Amino acid sequence: MRNNGMELVTVRPRIVIVGAGIVGCALADELAARGWAERLTVLDQGPLFATGGSTSHAPGLIFQTNPSKTMTGFASYTVAKYSGLELDGGWCFNAVGGLEIATTPERAVDLTRRAGYAAAWGVPARLLDPGECVALHPLLDRDRVLAGFHTPNDGLAKGVRAAEAQARRAVSAGARFLPRHTVLDIESAGGRVTGVVTDQGTFPADIVVSCAGFWGPNIGRMAGLELPLLPMAHQYVRTTQVAALAGRHADAVTEALLPILRHQERDLYFREHEDRIGIGSYAHRPIPVDLADVSAPGASAMPSMLAFTEEDFEPSWRDATDLLPALAAAKVDEGFNGIFSFTADGFPLLGESPQLQGFWVAEAVWVTHSAGVAAAVAEWLVDGQPSVDVHECDINRFEDVQLAPPYVHRRSSRNFVEVYDIIHPLQPAEQPRPLRVSPFYARQQELGAVFLEAGGWERPHWFEANADLPAVGEIPARDAWASRYWSPIAGAEALATRERVAMYDMTPLKRLEVTGPGALEFLQRTTTNKLDKPVGSVTYTLLLDERGGIRSDLTVARLGADRFQVGANGPLDLDWFTRRLPDDGSVQIRDITAGTCCIGLWGPLARDLVQPLTTTDFSHRGFGYFKARQAYIGEVPVTALRVSYVGELGWELYTTADAGLRLWDTLWEAGQAHGVVAAGRSAFNSLRLEKGYRSWGVDMTPEHNPYEAGLEFALRLDKGDFIGRDALLAAGSDPARKLTCLLLDDPQSVVMGREPVYVDDTPVGYITSAAYGYCAGASIAYAWLPVAATAPGTRVQVEYFGARLPAHVAEEPLFDPSMARIRR
C-alpha cells in the first residue's frame, strides 16, 4: 500500500504470466475477477490463441470423477465455468455426458468404486446396465459391454475457444496479452524475481507465473527451478466418415451429440467429430519427448503435434473396431502424436519456487482441471492461500530423491502406462526401488518384511517372520480388494503390541531441528499450542494457515533452551517454516531426517525391555508422558520421547543413522525374553484408529479447522497471537461438520477410504481412514459428516463397491479412553 496524503491506495503487484494456453488464460481471468488485471501481462512465444502448446491440439474431454477430491473439484469447477462461457456465439463446453464402459468383470466392479467417488465428491452420476449404455452410445457392441458409469455433466471443452473467451474478459478488465514474445531469462535480485526477459524486451515483474505447459521445464530452469515434469507424446486420430453418424444433428456447430466414451481396459477414449470419431490412446509405449527436438512456434504449424507413428496405433485400432463395430467400414484419416505433461505422481505442479520468491508455477495441468487450478492459484496469489486443499499438487511436496531426472522419467513413464489401470489405494510403484532405507533395513529383510513405499522410503507393512504367531489364525478374513497389500499377520502384530511389546521403524517420518535465540518465539508464532515449557517437554501442536485450516500436525520436543526437534509430516512443513523464518538470522531450521533414525518401542512390556539397558530412570515418575530425555540404550546415545501413536506405553527412540543398527540389535536381543516382535505400518494404522489419532493429509487438511477435526485440545488461544488464531476466533467453536468415528455392523467389512457415507439414502459425507480394529474387534472408519449426523448411535450407510454397508456413529476413542495404558 502507499499513502497519497488522503487515503491508503492499494498498489497491485506487476504480474507476468508465461503462456497463453488454457491455464494461462484461465489464470488471467481469475486474477482479473479478483481485481488484479491492471498490471497483468500474459506472454506467449506463439500466436494467440492457438499458441502451439498442448491446448492447441487437446481433444477436450472432461471426465470429472477422480479418486482425488481435489482433482475432482478442479474438474467440476472447470465444467461449471466453461458451461457459462461462449465466444462469438460458439460454445466453450458441450455437456454431452461421459460414459465409461466395462468389458471385463474386474472393470465392472471397479466402476462401482468410481460411482462411489462421484457420490463422495458430489458429482451427479449413476451406474448403467449394458442396454442403457447402448441407448446412450448406439455405436457400442452390445455383446461386449457388461456395465457402464454415466456422468451427465461431463463433456467436451473447446480449449482454444475457452482460452480466448477468458482472455477477452481479462483484457476488458485491463490485462494485456502479447503474442510472439519468446522468454529468454527470468531476472531476479536479492532472492526475488524482478522481471522477464524476452526477445522483444524486458518486462518488470513482482510475480511471474509459469503456465508454459510442456515447455515449463525450460522456463523453470531460467529461475533456478528443476520442474519434475516429463513431456510425453500421446496418440490421437480422427477417422473417415462413419456411416452410422451421417445425417445426425452433430454438425459443425454442435460437433457432438454422443457422450464422450472411455474404454479403459484398452486404454482408449472416444469422442464425436460431427460424422467422424476421434480416438485417443494410452495403449502405446511411453514416448518421452526431448524439448530440444521440439520446434518453436513459427518453425512449424503446430509444434505440439509430432509425426504419427502408425505402428504404435495398430493394436488400438483393432480394439476400437471391436468395441465400435461401425468403425470397421471407416479408417484412420489423420493422426498425430500430441505432446502433453506427465509428473511422477500424476498430479499438477502448483505453487511458489522454494529458491526464488515471486516465481510461481501452474504446470502439468490438463484442460480437464484448468479453470479449477487457475481459481486455486489466483486465490493463493491474492489471499495468501487457496480455499481448497492443494497439498497433493504443491510443487514443494517432493523429497530430494524424487526430483532426480531418472526418477522423474521412470515414474512419469509408468504413470502414462497406468493412466487407466485399476490401482489399489496401497499399491506402490515398483521402480526405482529401493531408494531410501533405514539403518534397520537388513534386519527387516531377514525378518521377511513386506515393504511398501512412500516418499522414497521402504516401509515395512508386516513381517513374514510373525506368520507363526498363534493370533494369525484368529484374525478375521476380508474381501479380495481389502486383502490386497494386507496380511492377517498384521493383526497378530497389532495384538502383540497390545499384549507384549513391538518395535516399529519410524525413521521415514520427517524430523526438523529448529534452533537459535528466536526459536521459541518463532514456534510460538507459527503453531497453535503453548511451547514455552521447560526443557524436556514434548507438545502436540498444529500448523494452521491464515484461514484457520490445518496445514499439519506436529510433535515438538524442547531439547534445549534454544533447540527443538519437530516431528513433521513432510517437505511441505519444512517449506512452510522456511518461508516464515525471521530475516535477522535468529532462527535456523534443518532437516535431520536422513542423518537420524527412530524406533517406536511400544507395548505394556516396553519399560521392562528398555529399563535394564539404561541407567536413565524410565519409570513413570522419572520419565513422564510427553517428556523427552537424552539417554544411552546400551552403548547407543538416544533422544527418547515418551509419546505413543498406537495408544500403548512406550517411547520413540532416536539416534544417529550410524548407530541405528546397533540400537535395533540391542533392543531386539533384550526383547526376546519379553516376546518382542517387529511390527509394520498395517498394524500401526489399526492401532492409531482404535485410539482415534488423526493422520494429516488423510483425515484432515487445510480445508478443515481444529474444532471440526476434534483437535481443539491442541489450541491455546490465550497464549498470544499465532497464525490462524484470528480466523478461529471468528469461526467459533461450533462447527457444522465433524470428523466422526464409525463402526460397521459387519466386522468383516473393511473399507479403504474415500467411500461415500449415506444418511436416509442421501450422501452426506465420505470416509477418510479405515481399518479393522483387532483389539476393538470391529471395523473402524472415520468420516466427515454434518453435525446433525454425528451423535453416537446415529445410523449411517457406507457405500463400498456399490453395496450399502450399515454402520453407526461411535464414541471415541474406542480403546483406553482413560489413557491409563499410556500413562502407567
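If you're wondering where the values come from, they're calculated on a predicted model, not measured in any experiment.

Criteria and cut-off values
- Residues numbered from 1 in each chain as written.
- Predicted model: local features only at pLDDT ≥ 70, side-chain atom pairs only at ≥ 80, totals over all residues.
- Heavy atoms only, no water.
- 1 Å grid on protein atoms, 1.4 Å probe; cavity = no way out; pocket = protein on both sides within 12 Å on 5 of 7 lines; lining within 4 Å.
- Points joined across faces, edges and corners; volume = space filled by probe spheres on them.
- Helix = DSSP H or I, 4+ residues; strand = E, 2+ residues; numbered from the N terminus.
- Nonpolar A, V, L, I, M, F, W, Y, C, P; charged D, E, K, R; others polar.
- Salt bridge = Lys/Arg side-chain N within 4 Å of Asp/Glu carboxyl O.
- Buried < 20%, exposed > 50% of the residue type's maximum accessible area, 1.4 Å probe, protein only.
- Pairing = 2+ DSSP bridges.
- Right-handed = clockwise from strand over helix to strand, strands pointing away.
- Axes fitted to C-alpha atoms, helices over the stretch in contact; angles between N-to-C directions.
- Expected span 1.5 Å × (residues − 1).
- Contact = heavy atoms within 4.5 Å.
- Parallel < 35°, antiparallel > 145°, perpendicular 65-115°, else oblique.
- Left-handed = near helix turned anticlockwise from the far one by under 90°.
- Core = buried A, V, L, I, M, F, W, Y, C linked by side-chain atoms within 4.5 Å.
- Phe/Tyr/Trp six-rings, centres within 6.5 Å; stacked < 30°, edge-to-face > 60°.
- Lys NZ or Arg CZ within 6 Å of the ring centre and 35° of its normal.
- pLDDT = per-residue confidence, 0-100.

(A) Spotlight on empty space enclosed by the protein. For the coordinates displayed, the defined rule picks out two cavities of 30 Å³ or more. There is about 70 Å³ of room inside the largest cavity. Considering the residues around the largest cavity, the lining is formed by Q444, P460, F463, M503, Y504, D505, M506, W664, A679, G680, R681 and F684. Every element with two or more residues in the lining of the largest cavity is listed here: β27 (457–463), β28 (502–505) and α18 (681–690). In terms of residue count, β28 provides more of the lining of the largest cavity than any other element does, three residues in total. Taken as a whole, the second largest cavity holds about 30 Å³ of empty space. If you trace the second largest cavity, you find it lined by I475, P476, A477, R478, W486, P747, Q748, V750, Y772 and Y774. Class assignment for the residues of the lining of the second largest cavity results in eight nonpolar, one polar and one charged.

(B) Fine view of the pattern of salt bridges. Counted by the stated rule, this structure contains 48 salt bridges. The closest approach of N and O atoms between R168 and D88, which form a salt bridge, is 2.9 Å. Of this pair, R168 sits in helix α6 (residues 159–172) while D88 sits in the loop between β6 (86–87) and β7 (90–91), and the two are 80 residues apart along the sequence. Overall, the relative accessible area of 65% leaves D88 in the exposed class.

(C) Molecular detail of the pairing of strand β3 (residues 15–18). Covered by surrounding structure in β3 are I15 and I17 together with V16 and V18, the residues of both alternating faces. Two strands pair when backbone bridges link them, and β3 and strand β4 (residues 40–43) are joined in this way by four bridges, in the parallel orientation. Each residue of the ladder has a partner; that of V18, found in β4, is L43. Once the chain exits β3 it traverses helix α1 (residues 22–33) before rejoining the sheet at β4, and the crossover so formed is right-handed.

(D) Layout of the sheet that holds strand β29 (residues 511–515). Spatial strand order, β30-β31-β32-β29-β33: five strands in an open sheet with antiparallel pairing. At either margin of the open sheet sits one strand with a lone partner, and together these are β30 (538–544) and β33 (588–591). For this sheet, the mean inter-axis angle between neighbouring strands, taken without regard to orientation, is 30°. Here β29 runs beside strand β32 (residues 563–567); their pairing, made up of five bridges, is antiparallel. Residue pairing in the sheet places L512 in a bridge with V566 of β32.

(E) Summary view of α6. With 14 residues, α6 extends 20 Å from end C-alpha to end C-alpha; this agrees with the ideal 20 Å at 1.5 Å per step. Those residues of α6 lying buried are G159, A162, A163, A165, Q166, A167 and A170. On its buried side, α6 packs onto α1, α2 (54–57), α3 (69–83), β6, β12 (155–157) and β13 (176–178). Of the residues flanking the end of α6, it is G174, one or two places downstream, whose phi is positive at about 120°.

(F) Highlighting the packing of helix α13 (residues 488–499) against α18. Contact geometry for α13 and α18: axes closest at 8 Å, N-to-C directions at 55°. Considered as vectors, α13 and α18 are oriented oblique to each other. Seen along the crossing, α13 lies across α18 with a hand that is right-handed. For the pair α13 and α18, contact is made by A490, E493, A494, T497 and R498 and by S682, A683, L687 and E690, respectively. Of the residues assigned to the contact of α13 with α18, the class counts are four nonpolar, two polar and three charged.

(G) Fine view of the nonpolar core. One finds Y504, L742, V751, V757, I767 and Y774 to be the most contacted residues of the largest nonpolar core, which totals 53 residues. The dominant element in this core, judged by the number of residues it contributes, is α13, at six residues.

(H) Region of interest: the environment of R629. Within the element layout of this structure, R629 appears in strand β35 (residues 628–633). Between the C-alpha atom of R629 and that of E703, which follows or precedes it by 74 residues, the distance is 36 Å. Among residues more than four places away in sequence, those in contact with R629 are G536, G622, F623, V638, T639 and A640.

(I) Broad picture of unusual backbone geometry. Omega for the peptide link from Q431 to P432 comes to -10°, which places this bond in the cis form. Looking at where P432 falls in the secondary structure, it is placed in the loop between α10 (405–417) and α11 (441–446). The step from E812 to P813 runs through a cis peptide bond, and the omega angle for that step is 0°. Along the polypeptide, P813 turns up in the segment after β44 (803–809). Notably, E274 is not glycine yet its phi reads approximately 55°, a positive angle. One can find E274 in the loop between β20 (268–273) and β21 (276–281).

(J) Fine view of the packing of aromatic side chains. Using the criterion set out here, one finds 32 aromatic pairs in the structure. Residues Y645 and Y693 carry aromatic rings whose centres are separated by 5.6 Å and whose planes lie at 10° to one another, so their mutual orientation is stacked. Placement of Y645 in the loop between β36 (636–641) and β37 (650–656) and of Y693 in the loop between α18 and α19 (706–709) is noted, with a sequence separation of 48 residues between them. On the basis of relative accessible area, Y693 is assigned to the buried category, the value being 17%. Note that R580 overlies the ring of W576, its terminal NZ or CZ placed 3.3 Å from the centroid. Sitting over the ring of Y758, R804 keeps its end group 3.6 Å from the ring centre.

(K) Molecular detail of the confidence of the model for the chain. This prediction gives the chain a mean pLDDT of 96; 98% of its residues lie at or above 70. Here residues 1–9 is modelled with pLDDT under 50, and outside its nearest four sequence neighbours on either side it reaches nine contacts, counting other chains as well.

(L) Spatial organisation of the packing of α1 against α6. Close contact between α1 and α6 brings their axes to 8 Å; oriented N to C, the two are set at 30°. Our classification of the angle between α1 and α6 gives roughly parallel. Here α1 runs over α6; the crossing is left-handed. Where α1 abuts α6, its residues I22, C25, A26, A28, D29 and A32 lie against G159, A162, A163, Q166, A167, R169 and A170. Tallied by class, residues from the contact of α1 with α6 come to nine nonpolar, two polar and two charged.

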